[in-house]
Amino acid sequence: MDVGIAARVEYSRGPRAVSLALSAAGGGISVVVGPSGSGKSTLLRILAGLLTPDKGYIQVRDQPWFDHSKGIDLAPQQRRVGMVFQDYALFPNMSALDNVAFARRGREDRRQARKAAARFLAKVHMEGLQDRYPRELSGGQKQRVAVARALAREPDLLLLDEPFSAVDQVVRRKLREELLELSASLQCAVILVTHDLQEAAMLGQQVGVMHRGSLLQMGAREEIFYRPADVMAARLLDMRNILPAEVVSADGRETVVRWAGTLLSAYTTQRFQVGERIWAGIRPEHVLVVRRDGPRRPNEVSGTVSRMLFLGGQVQVSFQPDGAEEEVSLEFSEHLLPRFQVETGKPLRASLWRERLHLMRQGTDEA
Amino acid sequence: MTVSDFTPLWISLQLASVTTGILLLLALPFAYWLAHTRSRMRPLVEALTALPLVLPPTVLGFYLLVAFGSQSPLGKGWQSVFGGPLAFSFEGLVLASCLYSFPFAVLPLRSAIAQMEPELLEAAWTLGASKLAAFFHVVLPNIRYSLVTAAVLAFAHTIGEFGVVLMVGGNIPGRTQVISIAIYDHVEALEYGAAHGWSALLLVFSFLVLLAVYAMDRRRGQRSWM
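Bear in mind that the values here come from a model prediction, so they are computed numbers and not experimental data.

S.K.: Got a minute to help me understand the overall build of chain A in this structure?
M.R.: The helix and strand tally for chain A stands at nine helices and 21 strands. With the C-alpha coordinates of chain A rotated into their principal frame, the extents come out at 75 × 50 × 35 Å. Counting only residues that meet the buried cut, chain A has 41% of its 367 residues in that class. Sequence separation of at least 24 residues holds for 66% of the intrachain contacts in chain A that already meet a minimum separation of 6.

S.K.: Teacher, can you tell me more about the sheet that holds strand E9 (residues 189-194) of chain A here?
M.R.: All names here are of chain A. Sheet architecture is open: six strands sit in the order E7-E8-E9-E3-E10-E11, paired in mixed fashion. What marks the edges here is a single partner per strand, and that holds for strand E7 (81-84) and strand E11 (214-220). Taking the axes of each pair of neighbouring strands and ignoring which way they run, one obtains an average angle of 20° across the sheet. Pairing between strand E3 (residues 29-33) and strand E10 (residues 204-211): five bridges, direction parallel. For Val33, the partnering residue across the bridge sits in E10 and is Val209. Packed onto the sheet, helix H4 (residues 139-152) meets E7 and strand E8 (157-161) and runs at close to 170° relative to E7.

S.K.: How do you make sense of the nonpolar core when you look at a structure like this?
M.R.: Across soluble globular proteins, you tend to see nonpolar side chains buried next to one another. With 160 residues, the main nonpolar core has Val100, Ala148, Leu159 and Ala280 of chain A together with Leu109 and Val168 of chain B as its most contacted residues. Mapped onto the domain boundaries, this core takes at least three residues apiece from domain 1 (5-227) and domain 2 (236-360) of chain A. Residue contacts for Val100 of chain A: discarding those within four places in its chain leaves Ala117, Phe120, Leu121, Val145, Ala148, Arg149 and Ala152 of chain A.

S.K.: How do you make sense of helix H5 (residues 90-115) of chain B when you look at a structure like this?
M.R.: For the α-helix, the turn length of 3.6 residues means that residues three or four positions removed from each other point alike. With 26 residues, H5 of chain B ought to run about 38 Å at 1.5 Å a step, and its terminal C-alpha atoms sit 37 Å apart, in line with that. A bend of about 50° at Ser101 of chain B is the largest found in H5 of chain B, and the proline Pro103 of chain B appears one to four places after it.

S.K.: For this particular structure, what's the right way to read the interface of chain B and chain A?
M.R.: Accessible area lost upon the coming together of the parts is a frequently used measure of interface size. The interface is formed by 14 residues belonging to chain B together with 18 residues belonging to chain A. For the side of chain B that touches chain A, the elements supplying multiple residues, two or more each, are helix H6 (118-126) and helix H7 (131-142) of chain B. Considering every element that reaches the side of chain B that touches chain A, the biggest residue donor is H6 of chain B, with six residues. Here the residues of the side of chain B that touches chain A are counted per class, giving seven nonpolar, four polar and three charged.

S.K.: Even after reading the chapter, I still don't get the sheet that holds strand E20 (residues 347-352) of chain A, so can you show me in this structure?
M.R.: Sheet strands associate in pairs through backbone hydrogen bonding, adopting either a parallel or an antiparallel arrangement. Residues and elements named next belong to chain A. Strand order in the open sheet made by the five strands is E16-E20-E17-E18-E19, with antiparallel pairing throughout. Each end of this open sheet is capped by a strand with a single partner; those strands are strand E16 (287-290) and strand E19 (328-333). For this sheet the average axis-to-axis angle between neighbouring strands, irrespective of direction, equals 50°. By the bridge criterion, six bridges tie strand E18 (residues 314-321) to E19 in an arrangement that is antiparallel. When the sheet's bridge partners are listed, Gln314 is paired in E19 with Ser333.

S.K.: So what exactly am I meant to see when it comes to the domain arrangement of chain A here?
M.R.: Residue and element names in this part refer to chain A. For chain A, the domain assignment lists domain 1 (5-227) and domain 2 (236-360). At the level of secondary structure, the elements contributing two or more residues to the side of domain 1 that touches domain 2 comprise E10 and helix H7 (221-226). Ranked by the residues each element gives to the side of domain 1 that touches domain 2, the list is headed by H7, at three residues. For the side of domain 1 that touches domain 2, the residue count by class is five nonpolar, two polar and one charged.

Thresholds applied
- Residues numbered from 1 in each chain as written.
- Chains lettered and ligands numbered in written order.
- Predicted model: local features only at pLDDT ≥ 70, side-chain atom pairs only at ≥ 80, totals over all residues.
- Helix = DSSP H or I, 4+ residues; strand = E, 2+ residues; numbered from the N terminus.
- Buried ≥ 20, exposed ≤ 12 C-beta atoms within 10 Å, placed from the backbone.
- Contact = placed C-beta atoms within 7 Å.
- Pairing = 2+ DSSP bridges.
- Axes fitted to C-alpha atoms, helices over the stretch in contact; angles between N-to-C directions.
- Core = buried A, V, L, I, M, F, W, Y, C linked by C-beta atoms within 7 Å.
- Domains from an automatic or database assignment.
- Expected span 1.5 Å × (residues − 1).
- Bend = angle between axes of the 7 residues up to and from the residue.
- Nonpolar A, V, L, I, M, F, W, Y, C, P; charged D, E, K, R; others polar.

Now the structure itself:
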């Protein structure tokens, strides 16, 4: 039996129209990432049954939850869905334990429900705080209760709407690690939406990029971050180095392009025409600094450092390659600084890592 | 000369209690609907609801008197079912008071329900609670203070009404003569002592009610009413 979700929905009422197809397997987190207003929350509300799409279907664990053509539309109460809301939506009139036990109503008697609730609270490390009311809990603790409550429903689909946006950074890191650990023990499909790319990279076994109500691309995390489908997706994923290039040669394995007079080679199975104008993209962490006295490297460019930014352990360097209009951004660990002698205004040699240089077409939607 | 006959007090209390009870039952679902509806009729319904706040009580009373009269369909219907007239009866007073105090019960409830995070209800639904169960377990407990405010205000406002009662209920001692009418009567008869007694009672009562409402608001750090 398939424990995942398959859905294709069209929804045009409300402030953000959503039209997309999505599938997620059971176990592991699928992250839908996109800027605010891209329709992520609307998507979750549709899946939970809080909004009714105009068309399409939603199938979870081989069960139809919604099917426009067959007139099926299960109410939220009938869908086994666990939802963690952005502000957690804990019931202020109930203790943490009663909040969680609420998910067990109608399934078992009150005593058993509270017992089960205590078990779920223990899962999220909230033992000892179960009698506290939401107003007596910190942001991180509220989030844990909200997750426990959603899990207590024993859902076939777990939905998390920006679950870390309301806590500070230190707590956020901890909660993310805990969620990752917790998700490994879950059978059901888990869909988390966020605008945070780092969060998507950290949590998403599968990542989907959402923009203006549609999914530009969905796939394995590496696929999405290293090989975005088009320039639009690359920009949304903050690829940063997106260089206009012209195809010089292509043999189905290695493609050589010319950018700013420099020949760059990329390993790709994608087919491009010689002479075609495309884009070469590479993430800053995949642009490698070359020692000043080192031998020449593949895809090497040289230029002048224009800016340096220190990001706590990492250095972000912008440099202007000779003869190019675009700046190239690269990132490396701070401890490498003395070895490579990188300084603002000084020359720099860098290599665009061939295995990670990604070639792509413009795409349909221009930002 | 002081207050010797306490009947007007009992009638006032009875009228206010019955009215408050009926109003809470009606106002709760109505306020819920008002807070959540996206109907285009909402402004119209809101305006109608708030009308008794600005209308001279005599206007409301006059129309109610006409509607309750033995020539009107309502009056006729009432007469045929209950065997007595609606106008100048305690029942007529209750009906009139319900209309007159309606906004005082609805407005606090509506604002409390509207202030509730909508996600609370959605959370309850996704957790399997029916709409009714969500209403009782999530909405009601979270608007309990406003429920008290609504009850207290409706009660106090009904105790204090005069114009509508005079028009619809008349001044029948032992049946429709409430405190405010009794005061009017005493003043007409130049019995200032008795008028003083009743007036002081209403003054203190009204002040205490408002004090209680505002003190409750202060404890919650929230305005539930004006």
